Amino acid sequence: MNQARTDAAITNRQQQGVSIINVLSRFAPVIFLFVLMAVFAIIEPNFLKANNLLQVARQVSITGLIAIGMTFVILTGGIDLSVGSLLALAGMVGAVVAKGGTANTLSLTTTESTGYGVLAAILAAVAIGVLGGFIQGTLITRLGVPAFVVTLGGLSAFRGATLLLSGGGPISGFEDAYEWWGKARLPEPDGIPVPVIIFLGFAVLAHIILRYTRYGRQVYAVGGNPEAARLSGLNVKKILLSVYVIVGFFAGLGGFVLSSRLGASEAVAGTGYELTVIASVVIGGTSLFGGEGNVLGTVIGSMLIGVLTNGLVLMNVSPYVQQIIIGLIIVLAVGFDRFVKSRRSV
Amino acid sequence: MSRQMKLLFCCIALMLTMIAPTLAQDAGGGRAMTDQEMAIAAAVAECPMDESITLAASVPGLNFPFFVHMMNQLVAAGEGLNAEVIQLDGQNQSTKQTNDVETVVNQGVDAIVISPADVQALADPIQAAIDAGVPVVTIDRFVEGVDGLIAHVGAENVLGGEAQGNWILENYPDGAMVVNLQGQPGAGPAIARNQGLHNVLDAVAEQYPIVVEQTANFARDQGLSVTESILAGMMDNPPDVIVAANDDMALGALEAVEAAGLADQVAILGFDALPEAIARVADGGLAGTVEQFPGGQSSTAMSVAALYVRGCLDEAMVGQTIFLTPVLITGDNLNLAERIGEVEGM
């Protein structure tokens, strides 16, 4: 009798332990984010002000958008290093369409728009992103060149195309409708910034697609075990091609939003974004080996990087030290995630 | 290039040499030329230039508008000197620039004009070029530990930083709170410009405290996001002046300051006098920007190289450092800005 009760108690305790680990493993990135925010809030009260938090959300919205697309790619076990360059090219093409040419002389007089309007600019930017993704995806799936190599080539080639198109200089001076997408808030003046709405809207959409559609399950299947996916009749090449088109779409959209936000398209835009984007996805719990992860994690990962950068600047930490701290926290966040996940299987 | 075109360039070159002495007095729209520059211009006027020479022009990276302008100016100067110019883009990598230098030395170029990406990494290939009998002129950026340079032509970045500091002392006689946006950590110009600002402000730190000092890596998007974060912590007591180590960061900071509704309270100083910044100085958005005359540097450096190759350079001038004096461009002296012609309606 006694023995039985003790056994039951032990089992109970074990179950509790397991469930805590389960909760931890599911929400590790969120917990990490809140701990970090709490630390910053204690040290610097201005951190928690609504306006500052909305600014952080807006700062991460562009790399966040691309990170949504990158989540699809990484879920299949792939990688895309070209996103920063593709973003710059798409933003530049959008600007050229909006201005009706590459003339980048700055006018002090009222800008008469001779271009094709903001909707054409958005379509052009997104089309360039999709096209870039399609070309890379085709090379990866048809020629069998590793994604790392193809997109490394894209990283260089898209940047070169941007420089060629713009002659190296920036294009600026857009009409208000163009800049609305990056600068406006709903409602004005203290509401939610438009880039944040775009970012979160697409995050929800991507989450639904990955979680609740057949296509979404196919993406996981291809990443989890491509051979099994192929044998079970999935068109693996088509799915792989599609994820590079998706990340291209988001890079194109991000290029337009960044151009709109800055009021200028620059040939140097997005340099190094690929690292921030990949870090956001990985911090969010998506495995670089594919088959495991989700978009909500990626959103949290993006916010975590934004909060870190913002908080460290607010506290006026030396820029040199900042780089060390950011590096350590990225490793720590992913390490924590892996640790609780490994405990779950016990 | 067709024969007629070559002939045309020769004619233009000849005409330029004839009018060079008159140009010397007020080149750059009223900018005062130094004695060294005048001596070089005079030597160019006397040197026979019938025989075409080949000069290599190498810049750290054509992804920066500043270096695109410099390259264009180098090429233009080459045309005036009857020199064919081989354009080399270092793509912001010391290794790429090293390879470029080695290639043109093997190719048998007459001289090299180079703005080294790194003060040390480029020392070896430049020394090797000199040892192989190819004369080298450095422009804008130094290289350390090289013997036998024909000349270094540049603007003293420290003086530019001091010009920013002095503007603050003059315009805020009762003291000011200063925010310092630094350039890319470790880059030569970032260190020197920061040094210049500190040279002026550190002595009067009680009245002119640098309350926040952060890097925005010379990039516009980071200038924007870092300034947003800084201002979030200082809304009750905003800074008087934001000093940026280049125009891209200053333009990003301007977006943040305008969005925060502080445009009337916060003055922003940039650096490099890019056309966009000149336009914003003209309309009052920026308080000022430092002009380092990259065009003047370029023509001087190319002239020195061409003179040396043709045996026209005075012994006494070999191995000199030729500095152009930087000027802070404000609303009062816009006509001194080298690239004002690129701003429409001015």
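Cut-offs and rules
Residues numbered from 1 in each chain as written. Chains lettered and ligands numbered in written order. Predicted model: local features only at pLDDT ≥ 70, side-chain atom pairs only at ≥ 80, totals over all residues. Heavy atoms only, no water. Helix = DSSP H or I, 4+ residues; strand = E, 2+ residues; numbered from the N terminus. Rg over C-alpha atoms; globule rule 2.2 N^0.38 Å. Buried < 20%, exposed > 50% of the residue type's maximum accessible area, 1.4 Å probe, protein only. Contact = heavy atoms within 4.5 Å. Areas by Shrake-Rupley, 256 points an atom, 1.4 Å probe, with all protein chains shown as cover. Lys, Arg positive; Asp, Glu negative; His and termini not counted. Charge placed at Lys NZ, Arg CZ, Asp CG, Glu CD. Buried area = accessible area lost by both parts, 1.4 Å probe. Salt bridge = Lys/Arg side-chain N within 4 Å of Asp/Glu carboxyl O. Polar contact = N/O pair within 3.5 Å; in protein donor to acceptor, adjacent residues only side chain to side chain. Pairing = 2+ DSSP bridges. Right-handed = clockwise from strand over helix to strand, strands pointing away. Disulfide = S-S within 2.5 Å. Phe/Tyr/Trp six-rings, centres within 6.5 Å; stacked < 30°, edge-to-face > 60°. Patch = residues over 30% accessible without salt bridge, like charges linked within 9 Å, V, L, I, M, F, W, Y side chains within 5 Å. Axes fitted to C-alpha atoms, helices over the stretch in contact; angles between N-to-C directions. Core = buried A, V, L, I, M, F, W, Y, C linked by side-chain atoms within 4.5 Å. Parallel < 35°, antiparallel > 145°, perpendicular 65-115°, else oblique. Left-handed = near helix turned anticlockwise from the far one by under 90°. Nonpolar A, V, L, I, M, F, W, Y, C, P; charged D, E, K, R; others polar.

Engineer: Would you mind going over the overall build of chain B with me for this structure?
Structural biologist: Of regular secondary structure, chain B possesses twelve helices and 13 strands. Computed over its C-alpha atoms, the radius of gyration of chain B comes to 21 Å, within 12% of the 20 Å expected for a compact globule of 346 residues. Considered along the principal axes of its C-alpha atoms, chain B spans approximately 65 × 40 × 35 Å. Burial status across chain B gives 58% buried among its 346 residues. Contacts in chain B between residues far apart in sequence, at least 24 positions, make up 74% of those at least 6 positions apart. Approximately 13,800 Å² of chain B is accessible, and the part contributed by carbon and sulfur atoms is 50%. Between the centroid of the 10 positive side chains of chain B and the centroid of its 44 negative side chains there is a distance of 11 Å.

Engineer: Please clarify how the interface of chain A and chain B should be interpreted in this entry.
Structural biologist: As a measure of interface size, the accessible area lost when the parts come together is often cited. With 34 residues of chain A at the contact, the number on the chain B side is 33 residues. Between chain A and chain B, roughly 2,800 Å² of surface is buried when both sides are summed, and carbon and sulfur atoms account for 54% of that area. Inspection of the region where chain A meets chain B yields four salt bridges. One salt bridge connects Glu228 of chain B with Arg261 of chain A, and the closest N-O pair in it is separated by 2.6 Å. There are 15 residue pairs in polar contact (both at pLDDT 80 or more) connecting chain A and chain B.

Engineer: What exactly am I supposed to notice about the pairing of strand β6 (residues 178-182) of chain B here?
Structural biologist: Side chains on a regular strand alternate between the two faces of the sheet. Residue and element names in this part refer to chain B. β6 sits mainly inside the fold: five of its five residues count as buried. The alternating pattern of β6 places Val178, Asn180 and Gln182 on one face and Val179 and Leu181 on the opposite face, and all of these are buried. Summarising the sheet, β6 and strand β7 (residues 210-215) pair through five bridges and their orientation is parallel. Within β7, the residue paired with Gln182 across the bridge is Thr215. The β-α-β motif built from β6, the intervening helix α8 (residues 188-201) and the parallel element β7 has right-handed crossover chirality.

Engineer: What is the right way to read the side chain of Glu266 of chain A from this model?
Structural biologist: Within the element layout of this structure, Glu266 of chain A appears in the loop between β5 (264-265) and α11 (273-283). In this structure, Glu266 of chain A is in contact with Ala88, Met92 and Pro170 of chain A together with Arg220 and Asp248 of chain B, ignoring residues within four places of it in sequence.

Engineer: Please clarify how the state of the cysteines should be interpreted in this entry.
Structural biologist: One way to say it: the disulfide is the covalent bond shared by the sulfur atoms of two cysteines. All names here are of chain B. This model, assessed by the stated rule, comprises one disulfide over all chains. In this model Cys47 forms its disulfide with Cys312; the gap between the sulfur atoms is 1.9 Å. On the sign convention where negative is left-handed, the bridge of Cys47 and Cys312, at about 65 degrees about the S-S bond, is right-handed. One end of the pair, Cys47, is in the loop between α3 (35-46) and β1 (53-59); the other, Cys312, is in the loop between α12 (294-309) and β11 (320-324), and 265 residues separate them in sequence. The exposure class assigned to Cys312 is partly exposed, which follows from its relative accessible area of 25%.

Engineer: Where do I start with the pattern of salt bridges in this structure?
Structural biologist: Two side chains of opposite charge can pair, provided their charged atoms sit close to one another. According to the stated counting rule, one finds 13 salt bridges over all chains in the structure shown. The salt bridge involving Asp100 of chain B is made with Lys96 of chain B; its shortest N-O contact spans 3.1 Å. Of this pair, Asp100 of chain B and Lys96 of chain B both sit in helix α5 (residues 94-107), four residues apart, roughly one helical turn. Looking at Lys96 of chain B, the relative accessible area reads 24%, which means it is partly exposed. When salt bridges with common partners are traced through the structure, they connect Glu266 of chain A together with Arg220, Asp248 and Glu276 of chain B into a single cluster.

Engineer: Would you take a moment to explain the packing of aromatic side chains for this structure?
Structural biologist: Each aromatic ring pair is specified by the distance between its two centres and by the angle formed by the two planes. Counted by the stated rule, this structure contains eleven aromatic pairs over all chains. Plain terms: the ring middles of Trp181 of chain A and Phe256 of chain A are 6.4 Å apart, the flat faces sit at 70 degrees to each other, and that makes the pair edge-to-face. Here Phe256 of chain A lies in helix α10 (residues 236-262) and Trp181 of chain A lies in helix α6 (residues 176-183), a separation of 75 residues in the sequence. On the accessibility criterion, Trp181 of chain A (26% relative accessible area) is partly exposed. Considering the side-chain rings of Phe142 of chain B and Phe323 of chain B, the 6.4 Å spacing of their centres and the 85 degrees angle between planes classify their relative orientation as edge-to-face. With Phe142 of chain B in the loop between β4 (136-139) and β5 (151-155) and Phe323 of chain B in strand β11, this pair connects stretches of sequence that are 181 residues apart. A residue is classified by how much of its surface remains accessible, and Phe142 of chain B, at 41% relative accessible area, is partly exposed. An aromatic cluster is present here, built from Phe174, Tyr178, Trp180, Trp181 and Phe256 of chain A joined pairwise through their rings.

Engineer: How should a nonpolar patch on the surface be read in this particular structure?
Structural biologist: Together, Val23, Phe27, Ile31, Val35, Val39, Ile42 and Ile43 of chain A give the surface a local cluster of nonpolar side chains, amounting to about 630 Å² of exposed area. Mapped onto the fold, Val35 of chain A is located in helix α1 (residues 2-43).

Engineer: Honestly, the sheet that holds β6 of chain B in this entry has me stumped. Any pointers?
Structural biologist: What links the strands of a sheet is backbone hydrogen bonding, and the strands pair in either a parallel or an antiparallel sense. Residue and element names in this part refer to chain B. In space, the six strands of this open sheet follow the order β7-β6-β8-β9-β10-β12, with mixed pairing throughout. Of all strands in the sheet, those with a lone pairing partner are β7 and β12 (327-329), marking the two edges. Ignoring strand direction, the axes of neighbouring strands in this sheet form an average angle of 20 degrees. The sheet contact formed by β6 and strand β8 (residues 241-244) spans four bridges and is parallel. By the bridge assignment, Asn180 is partnered in β8 with Val243.

Engineer: Hey, could you run me through the nonpolar core in this one?
Structural biologist: In summary, soluble globular proteins display a tendency toward joint burial of nonpolar side chains. By size, the foremost hydrophobic cluster in this structure holds 89 residues, and its most contacted members are Leu65, Ile68, Met70, Tyr178, Phe256 and Val307 of chain A. Look past the residues within four positions of Phe256 of chain A in its chain and what remains in contact with it is Gly91, Val118, Ala121, Ile122, Ala125, Tyr178 and Trp181 of chain A.

Engineer: Would you take a moment to explain the packing of α3 of chain B against α12 of chain B for this structure?
Structural biologist: Helix packing geometry: the angle between the two helix axes and the distance between the axes. Residue and element names in this part refer to chain B. Interhelical geometry of α3 versus α12 gives an angle of 50 degrees and a closest axis separation of 10 Å. On the basis of their axis angle, the class for α3 and α12 is oblique. Along this stretch, α3 crosses α12, giving a crossing that reads as left-handed. Seen from α3, the contacting residues are Glu37, Ile40, Ala43 and Val44; seen from α12, they are Thr300, Ser303, Val304 and Leu307. By residue class, the composition of the contact of α3 with α12 is five nonpolar, two polar and one charged.

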